[in-house]
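# Structural overview for review
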Amino acid sequence: MADNNNLFSLRIIAPDRVFYKGEVSMVEFNTTEGEIGVLRKHVPTTVIISPGILTITEPEGKKEAALHAGFAEILQDEVVILAEIIEWPEEIDVQRAQRAKERAEKRLQSKTPETDIMRAETALQRALARIHVIK
């Protein structure tokens, strides 16, 4: 269990809703610079989010979500994530995610001059994050 002195405010805002609001001891996610874990009193910064798994550590335990893109403002006692797309496991269609993974892998394997590699890699990262969160 987390010590209440180590808790900070986490808000995750998506275009269609406030996805999460609560007191947490840690939040972890991918940025364009790599993975980041944020604790209370973190150095203030702003980061760009990359597709991956968001892990929220609450006093009661951990929660995971698939976080696809956005920005995060990190302050000493608060983190605000503006998410372009974020999903809880129960919101994800596993068959659709599996098909998206297969399409992205196929695009990357059969590279043609018209293949947008960056787009295919991002699609693969999003599909993998969705599949991981479900399992």
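Located above this text is the structure these notes cover.
Scope of this entry: the structure provided in the associated data block.

## Topic: a positive patch on the surface
- A cluster of like positive charges, contributed by R96, R99, R103, R107 and R119, occupies part of the molecular surface.
- Considering every element that reaches the positive patch, the biggest residue donor is helix α1 (residues 94–109), with 4 residues.
- Examined against the element boundaries, R107 turns out to sit in helix α1.

## A few points about a nonpolar patch on the surface
- A grouping of I48, F71 and L82 is seen on the molecular surface, where their side chains present a nonpolar patch of about 290 Å² in accessible area.
- Classification of L82 as partly exposed rests on a relative accessible area of 44%.

## A word on the side chain of E58
- For E58, the location among the structural elements is in strand β6 (residues 52–58).
- Look past the residues within four positions of E58 in its chain and what remains in contact with it is Y20, V24 and K63.

## Examining unusual backbone geometry
- A positive phi angle is found at K41, which is not glycine, with a value near 70°.
- Within the secondary structure, K41 is located in the loop between β4 (34–38) and β5 (45–49).
- According to the relative accessible area criterion, K41 is exposed, its value standing at 53%.

## Focus: the packing of aromatic side chains
- With the rule as written, the count across this model stands at 1 aromatic pair.
- Ring plane angle 20° and centroid distance 4.4 Å describe the contact between F19 and W88, whose orientation is recorded as stacked. Of this pair, F19 sits in strand β2 (residues 17–24) while W88 sits in the loop between β8 (78–87) and α1, and the two are 69 residues apart along the sequence.
- Owing to a relative accessible area of 7%, F19 belongs among the buried residues under this scheme.

Thresholds applied
- Residues numbered from 1 in each chain as written.
- Predicted model: local features only at pLDDT ≥ 70, side-chain atom pairs only at ≥ 80, totals over all residues.
- Heavy atoms only, no water.
- Patch = residues over 30% accessible without salt bridge, like charges linked within 9 Å, V, L, I, M, F, W, Y side chains within 5 Å.
- Areas by Shrake-Rupley, 256 points an atom, 1.4 Å probe, with all protein chains shown as cover.
- Salt bridge = Lys/Arg side-chain N within 4 Å of Asp/Glu carboxyl O.
- Lys, Arg positive; Asp, Glu negative; His and termini not counted.
- Charge placed at Lys NZ, Arg CZ, Asp CG, Glu CD.
- Helix = DSSP H or I, 4+ residues; strand = E, 2+ residues; numbered from the N terminus.
- Buried < 20%, exposed > 50% of the residue type's maximum accessible area, 1.4 Å probe, protein only.
- Contact = heavy atoms within 4.5 Å.
- Phe/Tyr/Trp six-rings, centres within 6.5 Å; stacked < 30°, edge-to-face > 60°.

What is shown is where atoms sit, not what they do.
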